[in-house]
Amino acid sequence: MGLKSKDLVGLHHVTAQEIELILDTAAPMKEIIKRNIKKVPTLRGRTVVTVFYEASTRTRTSFELAAKYLSADTVGIAVATSSVNKGESLKDTALNIAAMGADVVVLRHPMAGAAELLARTLDVSVINAGDGAHEHPSQALLDLFTVREKKGRLAGLKVAIIGDILHSRVARSDIWGYTKMGAEVYLAGPATLIPPGIEKMGARVCGSLEEALEGADVINILRIQLERQQQGLFPSLREYSRIFGLNSDRLKLAAPDALVMHPGPMNRGVEISPDVAYGQQSVINEQVTNGVAVRMALLYLLIGGGA
C-alpha cells in the first residue's frame, strides 16, 4: 500500500490510513539518522529539487538531508538569484525544473494554493513545504510522529495549540492531522488572531489560555510572527507574553507528562519562556530530528516505495 496521490499538498485530503503509513515508515528512517554512516541506496538516481520563495532553515535543510540520506541527488533553487527576478512565473520555473529530470519538487511559497497549482501542472511529485497561511503538511506529520513516539497513541489526547492561528499554516495542518487521528484540538490566542469559522475544521476555540491548557497532553506553541506586529493585531509583545505566553506556572495546568512543542523559530520570552523551552517536558529538538525522518518517509513513499 502506498499513498493515493503522487503529491503531498496538504493533510486536508489525506486519510488517517495514509497518515498512519507515513508515520510507520518514518520509524525505521529515524534509525538511519542514528547511524554513524547515514546513507542507504534507496533513492539512488532520483533527484529532489527544493524551491523556496521564503526564508527557511529547518524545513529546507531537513528535506535536503532526507534526500541525501536516501542517496538522492539534491538541487536547491535560490529564488533571489534565479530567473524569477527576470519575471519568470512559478509555473514556468517548475516546468523547466521538471524538464531537466527532477523527480520531486519541494515548494515553499508565500501564496496559498501555489503547491496545488504545481501539482496539477507537473507530472512529477510536488511536496508542499508551506504555502501562505494554508498548510504545512510535513511539519504536522513530524508533530504527529513525535507525539505518537512519546505517548504511544494519538487517539483520545487533548492537544492545545496556542498563539497566532490566523497566519499559521502549521496550525491548519495540525488540526487536520490530529483530528483525523482521533485527538481533540483546543485553540487559544488573541481574538484578533483566531480566524472566523476555524471550528468547522473540528477544533474547539477556548475563551482563555487556561481553558486550553487544563489537562492538555500536548501543548503546541506557535511563533508570534513579529513581521505581523505592525498590523496592530495585539497591543504589544509584553502584553501578549503576559496573557498568552507559556511559562512554568501555566504549564502546571496541563497533564504532568504534557509535551511542549514549537515549530520554530522561537521567540523566547514572548510566546514561550526559556525555562519551558529547554525544560524536561520540551521535545522541540526532537521535533527537528523527527522532521528529517518524516521527510525521508515522504520521499520514499512518493518516489521510492509508493509506486
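Bear in mind the structure is a predicted one, so any value in this text is a computation, not a measurement. (Residues numbered from 1 in each chain as written. Predicted model: local features only at pLDDT ≥ 70, side-chain atom pairs only at ≥ 80, totals over all residues. Heavy atoms only, no water.)

**Section: the overall build of the protein chain**
When helices and strands are tallied, the protein chain shows 11 helices and 9 strands. For 307 residues, the compact-globule estimate of 2.2 N^0.38 gives 19 Å, and the protein chain sits close to it at 19 Å. Taken along the three principal axes of its C-alpha coordinates, the protein chain extends 55 × 45 × 35 Å. Per-residue burial for the protein chain yields a buried fraction of 54% across its 307 residues. When the accessible surface of the protein chain is totalled, it reaches about 13,200 Å², and 51% of it is carbon and sulfur. Separation of charge centres in the protein chain, based on 34 positive and 32 negative side chains, amounts to 4 Å. (Helix = DSSP H or I, 4+ residues; strand = E, 2+ residues; numbered from the N terminus. Rg over C-alpha atoms; globule rule 2.2 N^0.38 Å. Buried < 20%, exposed > 50% of the residue type's maximum accessible area, 1.4 Å probe, protein only. Areas by Shrake-Rupley, 256 points an atom, 1.4 Å probe, with all protein chains shown as cover. Lys, Arg positive; Asp, Glu negative; His and termini not counted. Charge placed at Lys NZ, Arg CZ, Asp CG, Glu CD.)

**Some words on the domain arrangement of the protein chain**
Partitioning the protein chain into domains gives domain 1 (5-134 + 286-302) and domain 2 (135-283). Taking only C-alpha atoms, the centre of domain 1 and the centre of domain 2 are 25 Å apart. Counting residues at the interface gives 35 residues for domain 1, matched by 32 residues for domain 2. Across the domain 1-domain 2 interface, the total number found is 5 salt bridges. In this structure, glutamate 286 engages lysine 150 in a salt bridge whose closest nitrogen and oxygen atoms are separated by 3.1 Å. Our count for the contact surface shared by domain 1 and domain 2 stands at 22 residue pairs in polar contact (both at pLDDT 80 or more). Those elements giving two or more residues to the side of domain 1 that touches domain 2 turn out to be α1 (16-34), α2 (58-69), β3 (104-109), β4 (125-131) and α11 (284-304). With 9 residues, α1 is the largest single contributor of residues to the side of domain 1 that touches domain 2. Residue classes in the side of domain 1 that touches domain 2 are distributed as 15 nonpolar, 11 polar and 9 charged. (Domains from an automatic or database assignment. Contact = heavy atoms within 4.5 Å. Salt bridge = Lys/Arg side-chain N within 4 Å of Asp/Glu carboxyl O. Polar contact = N/O pair within 3.5 Å; in protein donor to acceptor, adjacent residues only side chain to side chain. Nonpolar A, V, L, I, M, F, W, Y, C, P; charged D, E, K, R; others polar.)

**As for the pairing of β3**
Extensive coverage of β3 is indicated by the burial of 6 of its 6 residues. Side chains Val104, Val106 and Arg108 project from β3 onto one buried face, and the interleaved Val105, Leu107 and His109 project onto a second face that is buried too. Sheet topology note: the β3/β4 ladder contains 5 bridges and is parallel. By the bridge assignment, histidine 109 is partnered in β4 with aspartate 131. For the handedness criterion, the β-α-β arrangement of β3, helix α4 (residues 114-121) and β4 is classed as right-handed. (Pairing = 2+ DSSP bridges. Right-handed = clockwise from strand over helix to strand, strands pointing away.)

**Brief notes about the pattern of salt bridges**
The tally for this structure, following the rule as stated, stands at 15 salt bridges. Aspartate 103 is the salt-bridge partner of arginine 46, the closest N and O atoms lying 3.4 Å from each other. Linking arginine 46 in the loop between α1 and β1 (47-52) with aspartate 103 in the loop between α3 (90-99) and β3, this pair joins segments that are 57 residues apart in sequence. Residue arginine 120 is joined to glutamate 116 by a salt bridge in which the shortest nitrogen-to-oxygen separation is 2.8 Å. On the criterion of helical spacing, the pair formed by arginine 120 and glutamate 116 is a turn pair, its members being 4 residues apart in helix α4.

**Regarding the packing of aromatic side chains**
Scanning all chains against the criterion turns up 1 aromatic pair. Across the ring face of tyrosine 186, the terminal group of lysine 158 is positioned such that the distance to the ring centre comes to 4.4 Å. (Phe/Tyr/Trp six-rings, centres within 6.5 Å; stacked < 30°, edge-to-face > 60°. Lys NZ or Arg CZ within 6 Å of the ring centre and 35° of its normal.)

**Digging into unusual backbone geometry**
Residue proline 265 follows glycine 264 across a cis peptide bond; omega there is -5°. As for its position among the elements, proline 265 is in the loop between β9 (259-261) and α10 (274-277). Despite not being glycine, serine 71 shows a phi value in the positive range, around 75°.

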